Amino acid sequence: MKIGAIIESFRQDLPVALQKAKAVGADGIQLYVGNFLQPFADKKELSELKKRVHGEGLVFSALCGDFGCDMFYTEDSKLIDKEKWSMEAAKELGTDVVTTHIGVVPDTENCRQYESMHRVCKQLADFASSMNGHFAVETGPEKAGVLKDFLDRLGSKGVAVNFDPANLVMCAGDDPVAAVYVLKDYIVHTHAKDGVQLKAFDTRAMYAPKFYDLEPIGWDNFREVPLGTGGVNWPKYIAALREIGYDGFLTIERECGNTPEKDIADAVAFLDGYKVR
């Protein structure tokens, strides 16, 4: 496996963030489309970005094409086109993976929310397949079994999973170790993150309340914490990834805290303690 870092987690300008990523020992980076890379940038801009990243001895683990969950319920063609462009840009930058949240998969397929999500994901998955790429859905809003059933029904080689163990703990209240085996055929990228759930909640009210006629809730039902201090059983989780033959990136995501560089460096050291590379 390899260790990556979400470049925005450093909370620095790109040149400084890339230097810090290299300094803490990362092998690669994930980058959000819309921050250091604007949607529909031309090939010259993409080439310059790739050269800058490679110049620091880094590669792209994935792009994050997360433009909100609305598109999966509204079928907004402009946002769908933006997601497709992100997949094309990823190829130019040297990665096959674009990750995103899609909202919350309903427990039943007999509803308008499921139907719209299926249509949009099918379109994006087939587009990814046409270019030998991966449209990678991030875990967390629903339990692994529900997500697997939804992905199976798409019937596309282009759909994949960005496995975030902390999201499964914090949001779905699911076991990340068991989820690895459930989703093993889809995992192409992972986020290295940890967290705790403070109380169970309806994830639909957080990710997509207006599409389920629910009152929005805040983000105070869970807490992200440093690796090894939350609900992820890291020895068993790493062992599970090894057992299914996963050899991709463990990309560190740190969304809180006042010392991001230290936290990311500590996370690299934590993962190296398991001899993941």
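Residues numbered from 1 in each chain as written. Predicted model: local features only at pLDDT ≥ 70, side-chain atom pairs only at ≥ 80, totals over all residues. Heavy atoms only, no water.

The buried fraction of strand 5 (residues 134-138) amounts to four of the five residues, a majority that puts the element mostly inside the structure. Crossover connection from strand 4 (residues 97-100) via helix 5 (residues 112-130) to parallel strand 5: handedness right-handed. By the bridge criterion, four bridges tie strand 5 to strand 6 (residues 159-163) in an arrangement that is parallel. Counted as the bridge partner of Glu138 is Asn162 from strand 6. Each parallel crossover has a hand, and for strand 5 linked through helix 6 (residues 144-154) to strand 6 it is right-handed. (Buried < 20%, exposed > 50% of the residue type's maximum accessible area, 1.4 Å probe, protein only. Helix = DSSP H or I, 4+ residues; strand = E, 2+ residues; numbered from the N terminus. Right-handed = clockwise from strand over helix to strand, strands pointing away. Pairing = 2+ DSSP bridges.)

Tallied over the full model, the rule gives 19 salt bridges. Measuring nitrogen to oxygen at the nearest pair gives 3.0 Å for the salt bridge that ties Arg254 to Asp263. Arg254 gets classed as buried once you look at its relative accessible area, which sits at 11%. Classification of Asp263 by relative accessible area gives buried; the value is 17%. (Salt bridge = Lys/Arg side-chain N within 4 Å of Asp/Glu carboxyl O.)

A word on helix 11 (residues 260-272). The end-to-end C-alpha distance of helix 11 is 18 Å, a good match for the 18 Å that 13 residues give at a rise of 1.5 Å each. Within helix 11, burial applies to Pro260, Asp263, Ile264, Ala267, Val268 and Leu271. Viewed end-on, helix 11 has its buried residues packed into an arc of 140°, placing them on one side of the element. Lining the buried residues of helix 11 we find strand 1 (2-6), strand 7 (187-192), helix 10 (234-243) and strand 10 (249-252). (Expected span 1.5 Å × (residues − 1). Arc of directions from axis to C-beta. Contact = heavy atoms within 4.5 Å.)

Let us look at empty space enclosed by the protein. Taken as a whole and judged by the stated rule, the model has one cavity of 30 Å³ or more. Considering only enclosed or pocket space, the largest cavity measures out at about 40 Å³ in volume. Lining the largest cavity are Met87, Ala90, Lys91, Thr95, Asp96, Val97, Val98, Ala128, Met131, Gly133 and His134. Top contributing element to the lining of the largest cavity by residue count: helix 4 (residues 77-93), with three residues. Class assignment of the residues belonging to the lining of the largest cavity gives a composition of six nonpolar, three polar and two charged. (1 Å grid on protein atoms, 1.4 Å probe; cavity = no way out; pocket = protein on both sides within 12 Å on 5 of 7 lines; lining within 4 Å. Points joined across faces, edges and corners; volume = space filled by probe spheres on them. Nonpolar A, V, L, I, M, F, W, Y, C, P; charged D, E, K, R; others polar.)

Looking at the secondary structure, you find Arg254 in the loop between strand 10 and helix 11. In terms of polar contacts, Arg254 uses its side chain to reach the side chain of Glu224, at 3.2 Å. In terms of polar contacts, Arg254 uses its side chain to reach the side chain of Asp263, at 3.0 Å. Not counting the four nearest positions on each side in its chain, Arg254 is found in contact with Ser9, Arg11, Glu224, Val225, Pro226, Asp263 and Ile264. (Polar contact = N/O pair within 3.5 Å; in protein donor to acceptor, adjacent residues only side chain to side chain.)

Backbone hydrogen bonds hold the strands of a sheet together, and the pairing may be parallel or antiparallel. Reading around the barrel, the eight strands line up as 1-2-3-4-5-6-7-10 and close back on themselves, with parallel pairing between neighbours. Looking at each pair of strands side by side, their axes are set apart by 30° on average, direction ignored. Against the sheet, helix 5 engages strand 5 and strand 6, with an angle of about 140° to strand 5. (Axes fitted to C-alpha atoms, helices over the stretch in contact; angles between N-to-C directions.)

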